[in-house]
Each structure stands twice: as structure tokens, then as C-alpha cells.
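Here's the letter readout for the chains.
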Amino acid sequence: MYVCICNAIRETELRCAARRCRGDAEAIYGALGRTPQCRQCLDEAEDIIADELMSAGTGIAVAA
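The numbering scheme is per chain: residues are counted from 1 as the chain's sequence reads. Confidence filtering applies because this is a predicted model: local features only for residues at pLDDT of at least 70, side-chain atom pairs given and counted only at 80 or more, and all residues used for totals across whole chains, interfaces and linings. Note that the side-chain values use all heavy atoms of the structure and ignore hydrogens as well as water.

Under an unreviewed UniProt entry, the protein chain has the name Bacterioferritin-associated ferredoxin and belongs to Novosphingobium soli.

Following this line, the structure appears as C-alpha cells:
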């Protein structure tokens, strides 16, 4: 599935980059050599990045 149509970034590519690099969606896009264009994908990208961080055990637990 494509997360970012403008840059043709697939979910698998984003997840892999999130495991290698740290930062928000814009930083991860930069690590992929791309920049957000229309920016409509950033919320979903942030969710995917957070999911990868939690899966890797590096996420920050938030008290409810």
C-alpha cells in the first residue's frame, strides 16, 4: 500500500526506514531522499512510524 502518493512511498519502505532512522515523518522522508509535497499523508505516516517504534520496544509509554 502507498502511504505517500506524491513520493511513491510504500508502507513497507516507510516501516523499514523508521526502524533505521529516528525522527518524525518529515525526518524519515528526508532519510528516504524525499520531502512531503501535499502533506496529506503525514498523519498516517506518523501513525506507522509510532507503530514501528512500539513494535521495536523503543516507544515511550504514556500513562492514561
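Once you've had a look at it, read on.
(A) Spotlight on the packing of helix H1 (residues 11-20) against helix H3 (residues 42-55). Every axis in this analysis is a line fitted to C-alpha atoms, fitted for helices over the stretch in contact. Angles between the N-to-C directions lie between 0 and 180 degrees. Per the convention used, a helix needs a DSSP run of H or I reaching at least four residues, while a strand needs a run of E reaching at least two, with both numbered from the N terminus. Closest axis-to-axis distance for the H1/H3 pair is 9 Å, and the angle between their directions is 50°. Regarding the angle of H1 to H3, the classification is oblique. H1 and H3 meet at a crossing whose hand is right-handed. Here Glu 11, Leu 14, Arg 15, Ala 18 and Arg 19 of H1 lie close against H3, whose contacting residues are Ala 45, Ile 48, Ile 49, Asp 51, Glu 52 and Leu 53. Per-class residue counts for the contact of H1 with H3 are 6 nonpolar, no polar and 5 charged. Comment on the angle field: the value is read as roughly parallel under 35 degrees, roughly antiparallel over 145, roughly perpendicular from 65 to 115, and oblique elsewhere. By definition, turning the near helix anticlockwise from the far helix through less than a right angle yields a left-handed crossing, and turning it clockwise yields a right-handed one. Contact definition: two residues touch when any of their heavy atoms are within 4.5 Å. Three classes are used: nonpolar for Ala, Val, Leu, Ile, Met, Phe, Trp, Tyr, Cys and Pro, charged for Asp, Glu, Lys and Arg, and polar for all others, with Gly counted as polar.

(B) Representation of H1 within the structure. Taken together, the buried positions of H1 are Leu 14, Arg 15, Ala 17 and Ala 18. The buried residues of H1 occupy an angular sector of 165° when projected down its axis, which confines them to one face. Along H1, exposed side chains directed more than 90 degrees from the buried face belong to Thr 12 and Arg 20. Looking at the buried positions of H1, the neighbouring elements they touch are strand S1 (2-4), strand S2 (9-10), helix H2 (25-31) and H3. Any residue under 20% of the maximum accessible area for its type is buried, any over 50% is exposed, and the rest in between are partly exposed; the area is computed with a 1.4 Å probe on protein chains only. Read the arc as the range of directions from the helix axis to the C-beta atoms.

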